[in-house]
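Summary of the model geometry
Residues per chain, in single letters:
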Amino acid sequence: MKGWRKKPVIEVVLDEGLEECFSLPDDIDRAVLSACRVAGLTAGSTPDLCIRFAPDSAVQELNHQWRGKDKVTDVLSFPMQEGPSYDLDQPLGDIALAVPFIQHEAMRLNLPQSAHALHLIIHATLHLLGYDHIDDEDADRMQSLEKKAMATLGLHEPYPLDVSDTEMT
């Protein structure tokens, strides 16, 4: 078909065996779109990306393979585009979340699992859009966007002063 383009989609994958211990949070699409909006992308556009909820061992393997860190982490982002401009007609990237790692984090932080997972999805989506937290200025900018995106969903303050940071990538 001449001129045909695949409609962008947010694909969500729950690895086999996790469905018995983990429920996908509602509002995954809204979390991704909220992150895109606070990052300045056009309203009404839907990014093309995949979000995978995987066992800790799979995320640890990805972390080792792609980042040289042989340990599990809560979330990984794999961007497929490089900014400053992003074409939402093309895949934005992939996100992998570690279950049960994020379940334990949510319990430690005294948060509902779904709210914590949505925060990690917002965080990872911002990474796909070129944001990072390598230095303090970048971290402040990224955290500010996360707070705005979380607020649009009516979710918790993601960076309260009395909770120690967790490693999000």
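So, a few notes on the structure that sits alongside this text. (Residues numbered from 1 in each chain as written. Predicted model: local features only at pLDDT ≥ 70, side-chain atom pairs only at ≥ 80, totals over all residues. Heavy atoms only, no water.)

1. Remarks on the sheet that holds strand 1 (residues 10–14)
Across the sheet, which stays open at both edges, the four strands sit in the order 1-2-4-3 with mixed pairing between neighbours. The open sheet has two free edges, formed respectively by strand 1 and strand 3 (75–79), since each of these has just one partner strand. Across the sheet, the axes of successive neighbouring strands diverge by a mean angle of 15°, strand direction being ignored. Packed on one face of the sheet, helix 3 (residues 101–109) meets strand 2 (48–55) and strand 4 (91–99) and runs near 70° to strand 4. Packing against the sheet, helix 4 (residues 113–128) makes contact with strand 2, strand 3 and strand 4, and its axis sits at approximately 145° to strand 4. (Pairing = 2+ DSSP bridges. Helix = DSSP H or I, 4+ residues; strand = E, 2+ residues; numbered from the N terminus. Axes fitted to C-alpha atoms, helices over the stretch in contact; angles between N-to-C directions. Contact = heavy atoms within 4.5 Å.)

2. Re the pattern of salt bridges
On inspection of all chains with the given rule, the structure shows four salt bridges. Note that Asp27 and Arg30 form a salt bridge whose closest N and O atoms lie 3.5 Å from each other. Under the relative-accessibility criterion, Asp27 is labelled partly exposed at 37%. Relative accessible area serves as the criterion here: at 41%, Arg30 is assigned to the partly exposed category. Residues Arg141 and Asp138 are paired through a salt bridge, measuring 2.8 Å at the closest nitrogen-oxygen approach. (Salt bridge = Lys/Arg side-chain N within 4 Å of Asp/Glu carboxyl O. Buried < 20%, exposed > 50% of the residue type's maximum accessible area, 1.4 Å probe, protein only.)

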